[in-house]
Amino acid sequence: MALKAGNLAVGDTHRARVVENLTRTQLVQYAGASGDYNPLHTDEVYTTQKAGYRSVFAHGMLTMGLTGKMLTDYVGDGRLTRFGVRFTNQVWPGDTLDATATVAALRQEGGQHFVDLALSTVNQDGVEVISGSATARIDP
Amino acid sequence: MPTHIFPVEATHIMMFARAIGDTNPVYHDAAAAAAGETGGIIAPPTFPQAVAQFDPDYPLRPKPGQPWFGSGKAASGIEGNPATSGGLHAEQHFEYHRHPRPGDVLSVEIRPGKTWEKDSRRAGKLIFRERIAEYRDQRGELVVTARSVAVTTERPVGAD
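So, how was this worked out
The numbering scheme is per chain: residues are counted from 1 as the chain's sequence reads. Each chain is given a letter, starting from A, and each ligand a number, starting from 1, according to the order in which they appear as written. Only residues with pLDDT of 70 or above have their local features reported here, since the model is predicted, and side-chain atom pairs are shown and tallied only from 80 upward, although totals for entire chains, interfaces and linings are computed over all residues. Hydrogens and waters are ignored; side-chain quantities use all the structure's heavy atoms. Strands are runs of DSSP state E lasting at least two residues, helices are runs of H or I lasting at least four, and both sets are numbered from the N terminus onward. Only protein chains enter the accessibility calculation, which uses a 1.4 Å probe. A residue is then buried if its area is under 20% of the maximum for its type, exposed if over 50%, and partly exposed in between. Contact between two residues is taken to exist if any of their heavy atoms lie within 4.5 Å; hydrogens are not considered. Residue-level accessible areas treat just the shown protein chains as cover; the underlying method is Shrake-Rupley with a 1.4 Å probe. When charges are counted, Lys and Arg contribute as positive and Asp and Glu as negative, whereas His and the chain ends are disregarded. Every charge is mapped to an atom, namely NZ of Lys, CZ of Arg, CG of Asp or CD of Glu. Every residue gets a pLDDT, meaning the predictor's confidence in that residue, from 0 to 100. Geometry of aromatic contacts follows a simple scheme: Phe, Tyr and Trp rings, the Trp one being its six-membered ring, pair when their centres are within 6.5 Å, and the pair is stacked under 30 degrees between planes, edge-to-face over 60, tilted otherwise. A pair of strands is treated as paired once DSSP finds two or more bridges between them. Axis definition: a line fit to C-alpha positions, over the contact stretch in the case of helices; interaxial angles, taken between N-to-C directions, run 0 to 180 degrees. N or O atoms closer than or at 3.5 Å make up a polar contact, with two conditions inside protein: a donor-capable atom paired with an acceptor-capable one, and, for residues adjacent in sequence, both atoms drawn from side chains. Only protein atoms enter the 1 Å grid used here, on which a cavity is any set of points holding a 1.4 Å probe that cannot leave and a pocket is any open set flanked by protein within 12 Å on both sides along at least five of seven lines; residues with an atom within 4 Å of a point are listed as lining. Grid points are joined across faces, edges and corners, and a volume is the space filled by probe spheres set on the points. The term buried area refers to how much accessible surface (probe radius 1.4 Å) is lost by two components on association, counted for both of them together. The term salt bridge refers to a pairing of a side-chain nitrogen on Lys or Arg with a carboxyl oxygen on Asp or Glu at a separation within 4 Å.

Visitor: I'm lost on the overall build of chain A in this one. Help?
Guide: Each helix and strand counted, chain A has four helices and five strands in total. Listed N to C, the secondary structure of chain A is β-α-α-α-α-β-β-β-β in terms of helices and strands. Seen through its principal axes, chain A has C-alpha atoms that stretch 55 × 30 × 20 Å. In chain A, which comprises 140 residues, the proportion classed as buried is 56%. Counting contacts in chain A only where the partners sit at least 6 residues apart, residues at least 24 apart contribute 66% of the total. Accessible area for chain A stands at about 5500 Å²; split by element, carbon and sulfur atoms hold 46% of it. On chain A, the mean spot of the 12 positive side-chain charges and the mean spot of the 14 negative ones are 2 Å from each other.

Visitor: Whenever I open this one, the environment of B:Lys125 confuses me. Can you help?
Guide: All names here are of chain B. Position of Lys125 relative to the elements: it lies in strand S4 (residues 124-136). By relative accessible area, Lys125 is classed as partly exposed at 35%. C-alpha separation for the pair Lys125 and Thr11, spaced 114 residues apart in sequence, amounts to 42 Å.

Visitor: Looking at this structure, how should I read the confidence of the model for chain B?
Guide: In low-pLDDT segments, the atomic positions of the prediction should not be examined closely. Summary statistics for chain B give a mean pLDDT of 92 and a share of 92% for residues scoring 70 or more. Prediction confidence for the complex, expressed as pTM and ipTM, is 0.95 and 0.97 respectively.

Visitor: Teacher, can you tell me more about unusual backbone geometry here?
Guide: Note: most peptide bonds trans; most residues except glycine with negative phi. The residue A:Asn21 is not glycine, and still its phi comes out positive at about 55 degrees. Here A:Asn21 is to be found in the loop between strand S1 (13-19) and helix H1 (24-34).

Visitor: Please explain the packing of aromatic side chains as it appears in this structure.
Guide: Both the distance between ring centres and the angle between the ring planes are used here to describe each pair of aromatic rings. All names here are of chain B. The final tally for this structure, using the stated rule, is 10 aromatic pairs over all chains. Look at Phe6 and Phe47: their rings are 5.5 Å apart centre to centre, the planes differ by 35 degrees, and that puts the pair in the tilted class. Of the two residues, Phe6 sits in strand S1 (residues 3-7) while Phe47 sits in the loop between helix H2 (30-35) and strand S2 (88-96), which places them 41 residues apart along the sequence. On the basis of relative accessible area, Phe6 is assigned to the buried category, the value being 0%.

Visitor: Is there a simple way to explain the pairing of strand S3 (residues 97-109) of chain A in this structure?
Guide: Side-chain positions along a regular strand alternate between the two faces of the sheet. All names here are of chain A. Pairing between S1 and S3: six bridges, direction antiparallel. The residue of S3 that forms the bridge with Arg17 is Asp98. In the sheet, S3 pairs with strand S4 (residues 112-122) via 11 bridges, with the strands oriented antiparallel. Within the sheet, the bridge partner assigned to Glu109 lies in S4 and is Gln112. Connecting the antiparallel pair S3 and S4 is a turn made up of two residues, with Gly110 showing a positive phi of about 55 degrees.

Visitor: Explain the sheet that holds S2(B) to me, please; I cannot follow it from the model alone.
Guide: Hydrogen bonds between backbone groups are what pair the strands of a sheet, and the pairing can be parallel or antiparallel. Spatially, the 10 strands line up as an open sheet ordered S1(A)-S3(A)-S4(A)-S5(A)-S2(A)-S2(B)-S5(B)-S4(B)-S3(B)-S1(B), and their pairing is antiparallel. Sheet topology places S1 of chain A together with S1 of chain B at the edges, where each strand pairs with a single neighbour. Taking the axes of each pair of neighbouring strands and ignoring which way they run, one obtains an average angle of 20 degrees across the sheet. Examined bridge by bridge, S4(A) and strand S5 (residues 128-138) of chain A share 10 bridges and lie antiparallel to one another. Across the sheet, residue A:Val122 finds its bridge partner in S5(A), namely A:Glu128.

Visitor: Can you help me understand the side chain of B:Asn24 in this one?
Guide: As for its placement among the helices and strands, B:Asn24 is situated in the loop between helix H1 (10-19) and H2. According to the relative accessible area criterion, B:Asn24 is buried, its value standing at 12%. Within the structure, the side chain of B:Asn24 is placed 3.0 Å from the backbone nitrogen of B:Val26, a separation counted as a polar contact. Non-local contacts of B:Asn24, meaning those with residues more than four positions away in its chain, are made with A:Asp73 and A:Asp77.

Visitor: What is the right way to look at empty space enclosed by the protein in this model?
Guide: Rolled over the atoms, a probe as big as a water molecule pinpoints where empty space is left. All names here are of chain B. The final tally for this structure, using the stated rule, is one cavity of 30 Å³ or more. In this structure, the largest cavity occupies an estimated 60 Å³ of space. Surrounding the largest cavity, Gln49, Gln92, Arg131, Ile132, Ala133, Tyr135, Ala146 and Ser148 form its lining. When contributions to the lining of the largest cavity are tallied by element, the ones reaching two or more residues are S4 and strand S5 (142-152). Sort the elements by how many residues they give to the lining of the largest cavity and S4 lands first, with four residues.

Visitor: What am I meant to see in the interface of chain A and chain B here?
Guide: Accessible area lost when the parts come together is the quantity often used to give the size of an interface. Listed as interface residues are 46 residues of chain A and, on the opposing side, 50 residues of chain B. Summed over both sides, the interface of chain A with chain B buries roughly 3800 Å², with 55% coming from carbon and sulfur. At the surface where chain A touches chain B, the tally comes to one salt bridge. The residue B:Glu37 makes a salt bridge to A:Arg79 at a minimum N-O spacing of 2.7 Å. Inspection of the region where chain A meets chain B yields 14 residue pairs in polar contact (both at pLDDT 80 or more). Of all elements in the fold, only H1, helix H2 (39-42), helix H3 (44-49), helix H4 (60-75) and strand S2 (80-87) of chain A reach the threshold of two or more residues within the side of chain A that touches chain B. Here five bridges tie S2(A) to S2(B), and the two strands are oriented antiparallel to one another. In the sheet register, A:Phe83 faces S2(B), and the bridge partner there is B:Phe94.

Right, here's the structure in full:
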């Protein structure tokens, strides 16, 4: 269901839990689907003993994909025109993530309505792991 | 300037959507998707990143007969200082002209963008490298533009 400009106001938010207790297996599943088999995401032995991290950690693009699920559930299928993020902190196995979109602006361009959204995804400790923005086509 | 041919397939979209935990039927159910606004299956917004599958030289995929820097008998398959991954992902931006669909054959042209440096208390000297990828369809029309920024750090980040 697409959003309607008439029902939205700057400051409106949509929030969703996008993963609970992230598993190492989901990192491997994402590696297989995306093609990025970096041992930092798939190989605990290499990552702890050679690379100096406390554990494998999530691909940034998995966290962006999880955030994207909240976003497309909110704006509707095929409505995004722009989606950009900065990866601000790492995501570890066991993390639970909540993603939020906040209406930053409503505008019209060539007769078409758009919503600009500010994005933030945080872990169970309230630490932001993604900060970003997106734009979607909406109905009048 | 490498160009990769990225055939978009329904099964790949289904597997990608599963990996990001997205059960939306528009990514796996052709009949449900056909009845909806998109008129058929589309790819999730971060799917263009899976072009890595179609880069024959992609460095983060093990290849038969070649040493791999992940663990086997030893903690790394490469002795001494193993090659690193080439950096962490700092930023990713997509612009969608339309959303890819099964049957699209995308030509993906990748070119380097800007490079810059920054000092960080947490990770030492940081080197940022930008990369632009343009995804065009079989008619030569731009489908997606992607801009990524990778960062190479002096020390591991979040190693606490």
